[in-house]
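# Structural characterization, general
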Amino acid sequence: MRKMTLLQHFAELRRRVLWIALIFVCAFVCGWFLSSVIQQFLTGPLMDVWPDGSLIYSGLTDGMMIQFSLAGLFALVIIVPAILWHIWAFVVPGLKPGEKRFIWPILVMSPVLFLAGAGFAFYFLLPVVFKFLVGLNQSAPVPAVLLPAVRDYLGFAIGMLKVFGVAFQLPLILVLLNRVGVLSRARVIAMRRYAIVLIAVVAAILTPPDVVSQLMLTVPMWGLFEISILFMRRD
């Protein structure tokens, strides 16, 4: 394998950064034109449980800002796998065979777990949460009209997708800490009861204040915690 000078490394890094920037710009432009489709998709969980409902724009610039935000979100989803691939391609020449076998699965599983968490929130959690919240507002003791703002709704929905996507990284983090020698399997097992309590507390903080939503985050994270133990090295 040919060794590269420091300047050649910088040139290679610059080339990859420019490629990533180009991909981001192209994805942003595509997202700009697809923003209406993305918005319709993201409002699906609410409209499914509230078919006669309506969302409102509360400001003159809401339409433009929402389109801008959704285009950025689309570009971010597209760019993350590209970034991971370019990082891998940049560092792989200097890695040993054992390091390659260790890092490659992490780069693959990280976006997969994020999408799994976001998908779980979108298809299972959000319909339950929205049904609960809509019913709570409609059962108000005084006459009320429910008209959520589009920006508020999208901020909440996208925030929940991010929370679950990050939460589903738990097994990857635990296995990584185990493989680098920071966290032993025996210690994780010994801390199981405290970990379950911590997971429940985090779920209570990150989800809406109803038991069903909290359980829908607690149970998967607990399951992922137990699965991560299976992939840890035995002491």
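Our subject in this report is the structure included herewith. Not measured: the values here are computed from a predicted model. (Residues numbered from 1 in each chain as written. Predicted model: local features only at pLDDT ≥ 70, side-chain atom pairs only at ≥ 80, totals over all residues. Heavy atoms only, no water.)

### Considerations on the packing of helix 2 (residues 35-42) against helix 4 (residues 62-91)
The description of two packed helices rests on the angle between their axes and on the distance between the axes. The N-to-C vectors of helix 2 and helix 4 enclose an angle of 85°; their axes lie 9 Å apart at closest approach. Here helix 2 is positioned roughly perpendicular relative to helix 4, judged by the angle of their axes. Seen from helix 2, the contacting residues are S35, I38, Q39 and L42; seen from helix 4, they are I66, Q67, L70, L73 and F74. (Axes fitted to C-alpha atoms, helices over the stretch in contact; angles between N-to-C directions. Helix = DSSP H or I, 4+ residues; strand = E, 2+ residues; numbered from the N terminus. Parallel < 35°, antiparallel > 145°, perpendicular 65-115°, else oblique. Contact = heavy atoms within 4.5 Å.)

### Looking at helix 6 (residues 150-167)
End to end, helix 6 covers 26 Å across 18 residues, agreeing with the expected 26 Å (1.5 Å per residue, within 8%). Every buried residue of helix 6 is accounted for by V150, Y153, L154, A157, I158, M160, L161, F164, G165 and A167. (Expected span 1.5 Å × (residues − 1). Buried < 20%, exposed > 50% of the residue type's maximum accessible area, 1.4 Å probe, protein only.)

### Overview of the nonpolar core
L42, L70, L126, L154, L161, F164 and F225 are the most contacted members of the largest nonpolar core, which has 41 residues in total. Listing elements by their share of this core, those giving two or more residues are helix 2, helix 4, helix 5 (97-138), helix 6, helix 7 (170-179), helix 9 (192-206) and helix 10 (211-230). If one sorts the elements of this core by residue count, helix 5 sits on top with 10 residues. Those residues in contact with L126 that sit more than four places away from it in its chain are P45, A121, F156, A157, M160 and L161. (Core = buried A, V, L, I, M, F, W, Y, C linked by side-chain atoms within 4.5 Å.)

### Comments concerning the side chain of T218
The residue T218 is located in helix 10 in this model. Owing to a relative accessible area of 13%, T218 belongs among the buried residues under this scheme. Other than its neighbours up to four places away in sequence, T218 contacts I199, A200 and A203.

### A closer look at the packing of aromatic side chains
Centre-to-centre distance and the angle between the planes together describe a pair of aromatic rings. If you walk through the whole model with that rule in mind, you get 10 aromatic pairs. For the ring pair F122 and Y123, a centre distance of 4.9 Å and an interplane angle of 80° mean the geometry is edge-to-face. A residue is classified by how much of its surface remains accessible, and Y123, at 55% relative accessible area, is exposed. Every member of this aromatic cluster is reached through a ring pair, and the members are F24, F28, W32 and F68. (Phe/Tyr/Trp six-rings, centres within 6.5 Å; stacked < 30°, edge-to-face > 60°.)

### Observations concerning the environment of L183
Relative to the elements of secondary structure, L183 occurs in the loop between helix 7 and helix 8 (185-190). Placed 115 residues apart in sequence, L183 and F68 show a C-alpha to C-alpha distance of 42 Å. L183 has contacts with L174, L177, N178 and V188, leaving out every residue within four places of it along the chain.

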